[in-house]
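The lines below spell out each chain.
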Amino acid sequence: MKLLTPLFRDREIIGPVQEEGRVYFRSLESVADLAWEFGNTVNNIKDFFFPPRQVLYELTGGGVKDAIPAPAGRRVILFARPCDARAIEILDQLFLNDFRDEHYAAQRENTLIIGLSCPEPDKKCFCVSLSGGPFSVKGMDASVCDIGNDEFMVGIETGKAENIFTGQGREAGSDALNRAAEMKKKSEEKIKRAINIPADMLQKFDSDYWKAASAACLTCGVCTYLCPTCHCFDIVDERFKRVRCWDTCSSAMFTRLASGEDHRREKFKRYRQRVYHKFNFYSEKYHETACVGCGRCARYCPVKMDIVEIVNNLK
Amino acid sequence: MKNVYTPESARISSVKIETRDIKTFKLVFEDENARNSFVFAPGQFVELSAPAAGEATFCIASAPSDRGYIECSVKRVGRVTEAIHMLNPGSIVGIRGPYGNSFPLEAIKEKNVIFVGGGIGLAPLRSLIREVLARRNDFAEIKIIYGARAVRDLVYKDDLDEWQTRDDINTILTVDPGGETPDWKGKVGFVPAILKEIAPAAAGSVVITCGPPIMIKFTLAALNGLGFQPGQIITTLEMKMKCGVGKCGRCNIGPLYVCKDGPVFTCEQIKNFIEDVF
Amino acid sequence: MISAELKKTAKDLLKDGKVRLIIAYGENAAGDIVPFFVTGEALADKMVWNDRCYYNLTKYLTDKDVMAGQDGVTGIVVKLCDLKALKVLISERQVKRDRIKIIAIVCEGLKDESGRSLKKCETCPQGSPDRESCDVIIGEKSGRSAAEDSYGDIAEIDNLTATERKVFWDKYFEKCLRCYACRNICPLCYCRECVIEQHNPEWVSPAPSQTANAGFHAIRAYHLAGRCVDCGECERVCPVGIPLRKINRKMAKVVWDNFNFKPGEDTESKTPIAWYKENDPQDFIK
């Protein structure tokens with residue numbers, strides 16, 4: 001607590017909070033609102049760089065009024081799990097390169113990500129098989145690890161975080177380092193699931209497998225909206241505001257043209273597209289698999305479709 | 001810091017009624033800088049905004065050599081196109097672009113170029129055709145095979161008349177069986193069928209095709225039968241698009257984004273995903 | 001044992017080839033119960049039944065991808081709550097009675113991941129589906145008695161002031177992500193093109209905001225009035241915990257109070273919202 005209170009001065013703090021039995025990342029009023037005991041949150045931190053609804057610009061009497069966020073102050077995202085922190089680096093590839101998305105960039109520059117290590121992964125997690133891990137610091141500006149005894153191991157991972165904990169704590173001794181290393185090992189061992197992306201995945205695109213594999217899918221948006229790396233969006237006009245909002249390639253309307261033509265009318269084509277986009281197409285373009293193994297899709301899918309099973313069983 | 005989602009404003013300088021549901025709009029940028037810096041190549045598209053209705057993708061149907069304006073042909077099918085159709089000369093629209101890649105003009109030089117178009121699919125082809133005809137001697141034989149459902153659905157009738165009078169190109173027009181009028185002098189038959197009839201030689205040729213997915217499907221089959229390799233066939237894909245800049249994911253096919261890596265593709269490039277496209 | 005009898009029933013149905021698909025419950029490698037599509041006797045061995053068989057499988061009878069090419073008879077495993085939804089689907093001509101084989105299970109109540117009974121099961125009015133409606137009933141009529149549904153949760157909200165009620169619901173509609181899990185899992189939301197996704201004209205913005213989300217939920221509530229059988233799946237699958245059953249139950253209570261009608265009791269009656277009788281109450285017309 002004491003460690004974090006100085007952060008709240010002059011900054012918007014976003015962190016996990018309890019809401020009726022579930023934990024969400026929200027903007028916090030005070031440190032007291034923070035949830036300390038949680039597996040992972042329902043939503044993830046992409047919400048704060050790529051929100052569910054965002055005004056792109058507005059048409060006013062005087063012309064176009066850009067709505068690029070001009071954040072008044074700085075923001076800190078507290079206690080992002082390693083999977084969620086890592087996901088932002090994956091999203092950066094899309095939003096910041098080529099036709100730089102200034103809405104995303106503005107928030108990105110302005111935000112510090114302080115991650116929290118994961119000593120108790122749950123049975124749906126599979127970050128390790130995607131070059132992540134419960135103690136990974138990828139994507140974090142600073143990392144925090146609760147090593148017991150009321151002590152926290154803090155790592156300053158990027159220049160952005162250099163001064164935020166100044167004057168607090170001392171350099172970690174070998175005992176603390178050992179405890180952290182021990183926790184890391186134990187935690188990694190807890191992750192029994194592994195996704196195995198087949199090398200010949202592309203060759204299996206036309207396989208009959210997809211019809212049966214996708215049969216139970218409801219084509220809703222839960223997996224997409226809770227996924228830390230999913231980023232498809234729609235652009236709509238609300239009167240004179242042009243707004244972007246989350247969308248899902250699973251949806252029956254996603255590729256439908258006004259003329260009625262739709263090259264993904266069948267459910268299995270849309271399901272296949274989502275899987276391939278995350279595990280093959282995105283990496284071919286941006287050299288990153290668009291999945292961090294957080295397990296939310298499997299945890300929250302209304303019909304418990306399991307992406308690990310789907311990919312591993314692909315034939 | 002440029003907001004990639006914000007359009008430039010342009011004024012509609014004229015509206016031409018092509019068919020009962022297609023209009024061609026001539027657009028001129030309001031801002032002189034915007035007008036001068038808008039440089040495009042045939043095949044590229046723009047995102048047109050009808051204020052308060054929405055935005056949609058339209059290929060540029062005029063050629064770069066048509067200076068001072070761009071033309072977009074709009075088929076009335078839904079909310080945005082309906083809103084655009086209700087606009088008159090003098091109205092303001094928003095333009096974002098030009099986006100996408102363009103037809104490989106250099107690569108098709110000295111080849112026989114066969115254009116195969118259907119319906120409003122002639123729009124992107126028209127840009128290239130006008131450019132090609134402006135430099136006629138860079139190319140060998142030129143054939144234009146174009147068809148629509150019925151005579152009244154043929155677009156760019158003025159251009160069609162002009163092309164038919166030229167003797168340095170071969171223009172074959174067709175309408176679907178049942179679409180002919182008593183005084184129709186062109187062919188009657190689906191475009192792929194007419195293509196088979198014409199049976200162009202594959203050697204030294206490229207085909208540039210655009211039209212409804214069903215037409216393209218059969219056209220590709222016909223070309224395959226005539227010995228054309230996927231690399232010799234160039235098409236421009238129509239796909240639902242939103243952002244136009246490769247971010248929203250809607251036009252993603254394989255590792256390609258139709259708005260960024262396309263919309264112009266050779267069949268070689270998309271052969272792995274033909275299943276997913278047509 | 002229900003599981004064993006279920007598998008045997010399935011195999012018998014599939015044997016002569018008249019039934020080519022049975023929509024049932026299965027289990028995935030991670031141990032979750034999932035919708036399971038049995039297309040042959042070999043798969044029948046993998047059917048399961050336990051107190052985590054949550055899904056209202058009747059949803060899939062209107063899924064055109066699942067039902068593509070199924071021109072024979074389709075088997076469907078149902079609990080009592082699911083059977084009610086199926087009766088509404090039949091009354092609305094979405095499912096033909098003679099094209100399905102109804103395999104009803106005597107359900108003893110469902111439990112959540114931590115072993116607690118689901119709220120809806122506490123007031124489940126009957127232990128066993130009626131013989132006349134089903135082709136097969138598996139399980140013995142349970143001795144379980146259920147509490148009377150007092151709609152206390154509705155009264156609680158009705159007793160709030162309008163302002164308090166707004167605060168209550170605004171909090172939830174602010175959270176809604178418009179994932180449409182509630183709509184897509186509902187067997188009675190089977191429209192090919194949902195009004196909420198219509199662009200021309202657009203009734204509600206697709207972008208999530210408190211007001212737009214409230215609009216979506218209100219429209220859905222009206223479209224389900226007199227049709228929703230309170231299978232509760234919508235609320236169970238909502239990732240942000242919106243108490244959707246309260247909305248649908250409120251509508252159900254209004255329909256009951258005004259028209260004395262409960263959906264899902266037979267395969268002929270339709271929701272009062274969709275048709276009229278000459279003696280319908282009119283006292284609200286002033």
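Every value quoted in this text rests on a predicted model; they were computed, and no experiment measured them.

Participant: Break down the overall build of chain B for me, citing the residues and quoting the values.
Facilitator: Looking only at helices and strands, one finds 8 helices and 15 strands in chain B. On C-alpha atoms alone, chain B measures out to a radius of gyration of 18 Å, which is about the 19 Å that the 2.2 N^0.38 rule sets for 278 residues. Oriented by its inertia axes, the alpha-carbon framework of chain B measures out at about 50 × 45 × 35 Å. Residues counted as buried form 50% of the 278 residues belonging to chain B. Contacts in chain B between residues at least 24 apart in sequence constitute 70% of all its contacts with a sequence separation of at least 6.

Participant: Give me the sheet that holds strand S1 (residues 19-27) of chain C: which residues, what numbers.
Facilitator: Residue and element names in this part refer to chain C. Sheet architecture is open: 5 strands sit in the order S2-S1-S3-S4-S5, paired in mixed fashion. Strand pairing shows two members of the sheet lacking a second neighbour, strand S2 (33-38) and strand S5 (136-138), which therefore form its edges. Across the sheet, the axes of successive neighbouring strands diverge by a mean angle of 20°, strand direction being ignored. Along the sheet face, helix H1 (residues 2-15) touches S1, S2, strand S3 (73-78), strand S4 (100-105) and S5 and points at about 160° away from the line of S1.

Participant: How would you explain the interface of chain A and chain B if you had to name every residue and give the values?
Facilitator: At the junction of the two partners, chain A supplies 39 residues and chain B supplies 31 residues. Broken down by secondary-structure element, the contributors of at least two residues to the side of chain A that touches chain B are strand S3 (53-60), strand S4 (63-66), helix H1 (82-96), strand S9 (233-238) and helix H6 (267-286) of chain A. Its residues assigned to classes, the side of chain A that touches chain B comprises 20 nonpolar, 5 polar and 14 charged.

Participant: Describe the sheet that holds strand S5 (residues 74-80) of chain A, listing the residues and the values that go with them.
Facilitator: Residue and element names in this part refer to chain A. Read across the open sheet, the 6 strands follow the order S2-S1-S5-S6-S7-S8; overall the sheet is mixed. Both edges of this open sheet fall to strand S2 (22-28) and strand S8 (152-156), since each of them pairs with a single strand only. Ignoring which end each strand starts from, the neighbouring axes of this sheet average 20° apart. Bridge count between strand S7 (residues 142-146) and S8: 5 bridges; the pairing is antiparallel.

Participant: Which residues make up the domain arrangement of chain B, and what values go with them?
Facilitator: Residues and elements named next belong to chain B. Looking at the assigned domains, one finds that chain B contains domain 1 (8-99) and domain 2 (106-236). Computed over C-alpha atoms, the centres of domain 1 and domain 2 are 24 Å apart. Facing the 16 residues of domain 1 at the interface are 14 residues of domain 2. Split into classes, the residues belonging to the side of domain 1 that touches domain 2 amount to 7 nonpolar, 5 polar and 4 charged.

Participant: Lay out the confidence of the model for chain B with the relevant residues and their values.
Facilitator: With 100% of its residues at a pLDDT of at least 70, chain B reaches an overall mean of 94. We note a pTM of 0.95 for the whole complex and an ipTM of 0.94 for its interfaces.

Participant: Go over the domain arrangement of chain A with me, naming the residues and quoting the values.
Facilitator: Residues and elements named next belong to chain A. Split into domains, chain A comes out as domain 1 (5-190) and domain 2 (201-312). Between domain 1 and domain 2, the C-alpha centre-to-centre distance is 25 Å. In this complex, domain 1 contributes 30 residues to the contact, which on the side of domain 2 involves 23 residues. Elements with a minimum of two residues in the side of domain 1 that touches domain 2: S3 and H1. If one sorts the elements of the side of domain 1 that touches domain 2 by residue count, H1 sits on top with 8 residues.

Participant: Kindly report on the packing of helix H8 (residues 210-224) of chain C against helix H10 (residues 244-259) of chain C, identifying the contributing residues and their values.
Facilitator: All names here are of chain C. Following both chains from N to C, one finds H8 and H10 inclined at 40°, their axes separated by 9 Å at the closest point. The angle between H8 and H10 falls in the class oblique. As for how H8 packs across H10, the hand of that crossing is right-handed. Between H8, through His217, Ala221 and Leu224, and H10, the contact on the second element is made entirely by Ile247, Asn248 and Met251. Grouping the constituent residues of the contact of H8 with H10 by class yields 4 nonpolar, 2 polar and no charged.

Rules of the game
- In this numbering scheme, every chain counts its residues from 1 along its sequence in written order.
- Lettering of chains starts at A and numbering of ligands starts at 1, both following the order in which they are written.
- This being a predicted model, a pLDDT of at least 70 is required before a residue's local features are given, and a value of 80 or more before pairs of side-chain atoms are given or counted; all residues contribute to the totals for chains, interfaces and linings.
- A run of H or I in DSSP becomes a helix once it reaches four residues, and a run of E becomes a strand once it reaches two; helices and strands are each numbered from the N terminus.
- Here the globule rule reads 2.2 Å times residues to the power 0.38, and the radius of gyration is calculated from C-alpha atoms.
- To assign burial, the other C-beta atoms lying within 10 Å of each residue's own C-beta are counted, with C-beta atoms placed from the backbone; 20 or more indicates buried, 12 or fewer indicates exposed, and intermediate counts indicate partly exposed.
- Throughout, a pair of residues is in contact if the C-beta atoms placed from their backbones lie within 7 Å.
- Paired strands, as defined in this entry, are two strands with at least two bridges between them according to DSSP.
- Only the stretch in contact is used when fitting a helix axis, every axis being a line fitted to C-alpha atoms; angles between N-to-C directions are given from 0 to 180 degrees.
- The residue classification treats Ala, Val, Leu, Ile, Met, Phe, Trp, Tyr, Cys and Pro as nonpolar and Asp, Glu, Lys and Arg as charged. All others, Gly included, are polar.
- Note: domain ranges come from an automatic or database domain assignment.
- pLDDT gives the predictor's per-residue confidence on a scale running from 0 to 100.
- With respect to orientation, any angle under 35 degrees is reported as roughly parallel, any angle over 145 as roughly antiparallel, any angle of 65 to 115 as roughly perpendicular, and every other angle as oblique.
- By the definition used in this description, the sense in which the near helix is turned from the far one sets the handedness, with an anticlockwise turn below a right angle giving left-handed and a clockwise turn giving right-handed.

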